[in-house]
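This is what each chain is made of:
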Amino acid sequence: MSTGFQPPQALGHIELQIGGMTCASCAMRIEKKLNKLDGVSATVNYATEKAQVTAPGDVDVPSLVTTLIGEVEKAGYTATVPTPPADQSPDDQDRPPADGELETLRHRLITSVVLTVPVVALAMVPAWQFTYWQWLSLTLAAPVVVWGAWPFHRAAWTNLRHGAATMDTLISVGTLAALSWSLYALFFGTAGQPGMTHPFTLTVQPGDGSGNIYLEVAAGVTTFVLAGRYFEKRSKRQAGAALRALLDLGAKDVAVLRGRSEAVVESRIPLDQLAVGDEFVVRPGEKIATDGTVVSGRSAVDASMLTGESVPVEVGPGDTVVGATVNAGGRLVVRATRIGGDTQLAQMARLVEAAQSGKADVQRLADRVSGVFVPIVIGIAIGTLGAWIGAGFPLEAAFTAAVAVLIIACPCALGLATPTALLVGTGRGAQLGILIKGPEVLESTRRVDTIVLDKTGTVTTGTMTLLDVHASPGVDSGQLLQVAGAVEDGSEHPIARAIATVAKKAGPLPPAENFINLEGRGVEATVTVGDQRLPVLVGRASLLTDRGITVPAAVEAARTAAEQAGQTAVLVAWQGRAQGVLTVADAVKDTSADAITQLRQLGLTPVLLTGDNATVACQVADQVGIDEVVAEVLPADKVAVIERLQADGKTVAMVGDGVNDAPALAQADLGLAMGTGTDAAIEAADLTLVSGDLRAAGDAIRLARRTLATIKGNLFWAFAYNVAAIPLAAVGLLSPMLAGAAMAFSSVFVVSNSLRLRTFQPTNRTTAEVTP
């Protein structure tokens, strides 16, 4: 067998993509089969459709992969080795993975709906039952039951070979039994005669079975359950999107320097041609192509996507820089130290993948009881058939009672329980700026007791903001802002942009000339104020000290207070004296404190987690009412914090917006991404808050919990209805026709119960605030 296997980087660790699983019991069956192999430890995740296999370090990996794939195929499923993201071409990385199984399921669903609607209409409306209508129903229903339900029949056969039964078994047996009896009644009974109409009786009468057909039941059950299966499959389609979003952050090409001394030539090449040791140019506004060391130039680098640090980092010769971060200031020449799969970005991608694959198996509530429910129902049907025959009743009556048992037990309402509640709940969530990815998300919301919040972009705005202007005695604060804004307008530094933006809103800026950028320290220019030409310095205190400029006590006090509060202090000086100080910081969102209060009311303990320094983090936490702070952490450390909380018995929700949050969002029991953040964070999360308002986190958890409660209610009533009705069908008090009508009623009940989610209302948010 040719597997196309490429040995993984971590010897002894193998990942397989599994196909053909229909429920959590399939994953458990494959897992048991793989774990029987000597020295193999395997876990199979139904949600991500992947198997993680660990083997001894000295194992022959290609040979083991072949064995593993063979074992999976023996169990009736498919297995392949996924292509590592680093080995994919850029075009492949940009293109979502093809999902032939989902497309096939979609075609089956559409075709089944088109064919089933007239079958059900003819069966339920006697006035439409024209001569030979039953034969038209057979023509329409047969393809639905045979071709449309083929995935259920195939899964039922696979389960039968392994001595197991799932909901697929019940669906297959019920629909085939209804179709088989209808064929018997049409060809050998009286149902095929001209002018036949559907009789409607409350009980099974001896000898009347050969005149009844149940094609609408067989087709209807197939279509309803196909719809549920399609929506479930679609919700899992983007399992690899977080990895693609991470990889897309990197630069696609790079301006590399080749040659020596005066013969150096700059040429732009694809990123995959860059080698360790190559020197490349990064201009202002460009992404740094890969991890490296600065050779020449000074600049501010925006690394917030990787470190969470809200203030851009000043770098110069000898400093290390990370690929995919943005050069916000001057021109840099960088020597590449790590490329491809060794970069920090690629390591983060592996963190996301490991966290997603390590999540607990998703087990739908219907599947949890199917292992007991299905065999019992089949046993009752067989027992009913035998009991009626043993009591001397005709075969037709006995078989009619047995079919009634199977039909009343068929999970039509069960098939609707999850997708209808999910569709209504997610639809209402979308109206409120809350995106729920799938049913597996909901169970986590019920158990969550701790919520970890990223600081930058989640609790705070994520952008540098001018907070205050402190002018020296005798200096007009408006003039101070205008002069500083005129100088900073010539810089691309994020702090300079924050000052210049506010200054421009206050009025036209005075003209500035002779602009000089003092890398990493500040800027200077000559500003014309009235008839005066003032040489102005704007920057750090150390810049003013080096120039011998006097800093008045009031300005020094304001600078010290700002820095103690975790803010950035920018001094403004002219005429040999500091005229004031501007304080800049990543401002807390106006709604964050209210959001923390709502989260506490839901029984959640908030924790602030950030890559920013402890002083800034504690100051933000005090403003919004958070007691526990974990600061100065790298992306891998964020995952470790989540794991530590989980090890302490906590069920953890994580709210974040940056690439640095993506691994932690994937590791958390419930991940919530701010929609104003990066694609990587959004794709790694379970819930997305489109508006960027942190108050939506509380609304999202409330909506998810209510949706889960609705699904549970639907499942309970569906099962309770079956349990109550099965004995009636077994003793002949419920005909198959009435069973079909009652089953339709249970479906209506489930849909109506789900529609109540449309009344969900957000807390303390207006329509304008929640509209995406």
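Rules and cut-offs
- Residues numbered from 1 in each chain as written.
- Predicted model: local features only at pLDDT ≥ 70, side-chain atom pairs only at ≥ 80, totals over all residues.
- Heavy atoms only, no water.
- UniProt positions renumbered as here; feature names shortened; annotations may be inferred.
- Helix = DSSP H or I, 4+ residues; strand = E, 2+ residues; numbered from the N terminus.
- Buried < 20%, exposed > 50% of the residue type's maximum accessible area, 1.4 Å probe, protein only.
- Contact = heavy atoms within 4.5 Å.
- Areas by Shrake-Rupley, 256 points an atom, 1.4 Å probe, with all protein chains shown as cover.
- Axes fitted to C-alpha atoms, helices over the stretch in contact; angles between N-to-C directions.
- Parallel < 35°, antiparallel > 145°, perpendicular 65-115°, else oblique.
- Left-handed = near helix turned anticlockwise from the far one by under 90°.
- Nonpolar A, V, L, I, M, F, W, Y, C, P; charged D, E, K, R; others polar.
- Pairing = 2+ DSSP bridges.

For the protein chain, the name recorded in an unreviewed UniProt entry is Cation-transporting P-type ATPase B, with Micropruina glycogenica as its organism. Quoted verbatim from the Catalytic activity (unreviewed entry) field of the UniProt record, the comment on the protein chain reads "ATP + H2O = ADP + phosphate + H(+)". Looking at the protein chain in UniProt, the text filed under Subcellular location (unreviewed entry) is "Cell membrane".

### Overview of the overall build of the protein chain
Looking only at helices and strands, the protein chain has 28 helices and 26 strands in total. Scored against the burial criterion, the 772 residues of the protein chain give a buried share of 53%. Residue pairs in contact within the protein chain that sit at least 24 positions apart in sequence constitute 70% of those at least 6 positions apart. As displayed, the protein chain has an accessible area near 31600 Å², and 57% of this comes from carbon and sulfur atoms.

### Here's the deal with the packing of helix H4 (residues 100-124) against helix H5 (residues 133-148)
Two elements in contact, H4 and H5, have axes whose closest approach is 9 Å; the angle formed by their N-to-C orientations is 150 degrees. Between H4 and H5, the crossing angle belongs to the class labelled roughly antiparallel. Remark: the crossing between H4 and H5 carries left-handed chirality. The segment H4 lies against H5, with His 107, Arg 108, Thr 111, Ser 112, Leu 115, Thr 116, Pro 118, Val 119, Leu 122 and Ala 123 engaging Trp 133, Leu 136, Ser 137, Leu 140, Ala 141, Pro 143, Val 144, Trp 147 and Gly 148. Residues of the contact of H4 with H5, tallied by class, amount to 12 nonpolar, six polar and one charged.

### With respect to the sheet that holds strand S18 (residues 522-529)
The six strands are arranged S16-S21-S20-S19-S18-S17 in an open sheet whose pairing can be described as antiparallel. Single-partner strands in this sheet number two, and they are strand S16 (460-471) and strand S17 (512-518). Sheet twist, expressed as the mean angle between neighbouring strand axes with direction ignored, is 20 degrees. In this sheet, strand S21 (residues 577-588) lies alongside S16 in antiparallel orientation, the contact comprising eight bridges. Within S21, the position partnered with Met 464 by the bridge is Asp 586.

### Some remarks on the pairing of strand S3 (residues 50-54)
Judged by how many residues are buried, S3 sits mostly within the fold: four of five residues are covered. In the sheet, strand S1 (residues 13-19) pairs with S3 via five bridges, with the strands oriented antiparallel. Each residue of the ladder has a partner; that of Glu 15, found in S3, is Gln 52.

### Regarding unusual backbone geometry
One non-glycine residue, Asn 514, lies in the positive phi region at around 55 degrees. Within the element layout of this structure, Asn 514 appears in strand S17. Phi at Gln 575 is positive, roughly 55 degrees, even though this residue is not glycine. Tracing the chain through its elements places Gln 575 in the loop between strand S20 (568-574) and S21.

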